[in-house]
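Fold and contact review
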Amino acid sequence: MLIRLSRQITVTQMFTCLLSIIIVGVVWNVYVKAVLDITSGSIISLYKDILLFLFITFSIATFAINTNRVSLNSFDLFYVSFIMFGLFQIINTYTTTNSLTIGIYKFRRYFLTYSLYFCFVSFFKMNSKYFDIAIKIAKLIVVISFLWSITEFLAVNTKVVPIESIISFLNTPMIINNNGNYQFFYQTEGYLPRTYGVIADVSISGVFYLIGLMAFVPESIQKSHIKNTMFILIGIIAILTSTSKTALLLLAVILPFGVLIESRKSKYVIFLNLLLISGILITYKNSMTFKNMIDEMIFKAIPFYLDQLNSFFSDASLFEILFGRGYDFTEEELLLLGLQNEVDTTIIHWGSELFMVNIFIMWGIIGFVMYSVTFIFYPMILFYRSKSALIKGTSLSVIVAGLSSVHYNAIFHSGIDIIVCLFLACMSYMYYKAKPHILRIDGVAY
């Protein structure tokens, strides 16, 4: 029966099904583990990795049957080198810790999901219908995440669902030890309770919403349908209800890009920019809490992080300055891997809250440049050069993800990584359509 059923399922149906399952499984990772009572360290806790490898295997099998040609553009080649650099960091981490396990574990955390980029791009190039399917699934997930945030915010603040019930339900060490306390800490300061959102993280859920919103904002601005206006409105409300300072800061930074989107609504975008700037200035002048937060960031946090970088460059060797010291890790990760007695914990000397500093220390100048090109500068170039609303949108999303490292590690967070990876692939595919490939392999490379 299974064999007969497998013969009836088309490749398109299989692609749609697997992609939907993977995105849902990765984005709602914490909720899946809570519902199924999956504990860390068990085989079942690797379900996300199994799904990723299943999709990779399906992709390879599909390409082997349908095509013997591989076409790579310049960004594809650069992206390959970035993944290879991530593999090199396994060895670099080994020289510091004498443990390959830590390096492999951290490569999995940082780069495994982003390896799906090649699967996505190859499917898109094989047939554009896969691109259309992926975009529809991504937009559906984004809309659901918006509604999830707003619903959770209303339920928690009206006491319909006590925040304690959500913490108890999620019941993970991350939530109980960190986010749970962080939640209550903000409540004691007079803030509204923060929402965990679809990725179950109060710190960066707003960044996830902003990444999703930016992907479809240019298209929504160019179209005058009421549903597009509602999409933008709901997305902004979701970001505000997340009360994420990082997301609000990134929104202020990225909003001026809207002026460059050709549309009859451009004048409204300009007005919105002026309104935002005015609102920030008025709030800074009249709100002592907001003023203290901005002053602390400018006069205390930034100098502190610059001092961390200066300390790294003054103590590091030339090799470390160029290639970094290898992946960062925590005592909790050593405990999870059973290496707490094998690795000297005194070498855990990085782990700044400012992830951009971590990138410098982990991967050095070369790694920082590769990160910046992949997630900031290349998307920025595409945004300026392209007239396609979808290219501009996915570029903005990747830029937001890249800039999010000014605070927390959002871009490599489970759930955010797969959405950013998908939008990266969309950018590359549309670049591929606009320009001829630079490397073609038809059985033999040339």
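First things first, this report covers the structure right here in the doc.

1. A few points about the pattern of salt bridges
Tallied over the full model, the rule gives 4 salt bridges. Arg325 is paired through a salt bridge with Glu320; the nearest N and O atoms lie 3.6 Å apart. For Arg325, a relative accessible area of 12% corresponds to the buried category.

2. Here we look at the packing of helix 13 (residues 245-254) against helix 19 (residues 389-403)
In contact at an axis separation of 10 Å, helix 13 and helix 19 are set at 130° when each is read in the N-to-C sense. Comparing the axis directions of helix 13 and helix 19 gives the class oblique. Helix 13 and helix 19 meet at a crossing whose hand is right-handed. Here Leu250, Val253 and Ile254 of helix 13 come into contact with helix 19, specifically with Leu396, Ile399, Val400 and Leu403. Across the contact of helix 13 with helix 19, the residue classes break down as 7 nonpolar, no polar and no charged.

3. Focus on the side chain of Glu152
Looking at the element boundaries, Glu152 is found in helix 8 (residues 128-157). Those residues in contact with Glu152 that lie beyond four places of it in its chain are Ile166, Thr195, Tyr196 and Gly197.

4. Let's talk about the packing of aromatic side chains
In this description, a pair of aromatic rings is defined by centroid distance and the angle of the planes. Following the criterion strictly, the structure yields 49 aromatic pairs and no others. Ring geometry for Tyr327 versus Trp363: centroids 6.4 Å apart, planes at 85°, classification edge-to-face. Placement of Tyr327 in the loop between helix 16 (318-323) and helix 17 (331-337) and of Trp363 in helix 18 (residues 355-385) is noted, with a sequence separation of 36 residues between them. For the pair shown, Tyr327 and Trp363 are each scored as buried. An aromatic cluster of three or more residues is present, and its members are Phe82, Phe107, Tyr110, Phe111, Tyr114, Tyr327, Phe355, Trp363, Tyr371, Phe375 and Phe412. For the cation-ring pair, Lys392 lies above Phe383, with the distance from its terminal atom to the ring centre recorded as 4.4 Å.

Cut-offs applied
- Residues numbered from 1 in each chain as written.
- Predicted model: local features only at pLDDT ≥ 70, side-chain atom pairs only at ≥ 80, totals over all residues.
- Heavy atoms only, no water.
- Salt bridge = Lys/Arg side-chain N within 4 Å of Asp/Glu carboxyl O.
- Buried < 20%, exposed > 50% of the residue type's maximum accessible area, 1.4 Å probe, protein only.
- Axes fitted to C-alpha atoms, helices over the stretch in contact; angles between N-to-C directions.
- Helix = DSSP H or I, 4+ residues; strand = E, 2+ residues; numbered from the N terminus.
- Parallel < 35°, antiparallel > 145°, perpendicular 65-115°, else oblique.
- Left-handed = near helix turned anticlockwise from the far one by under 90°.
- Contact = heavy atoms within 4.5 Å.
- Nonpolar A, V, L, I, M, F, W, Y, C, P; charged D, E, K, R; others polar.
- Phe/Tyr/Trp six-rings, centres within 6.5 Å; stacked < 30°, edge-to-face > 60°.
- Lys NZ or Arg CZ within 6 Å of the ring centre and 35° of its normal.

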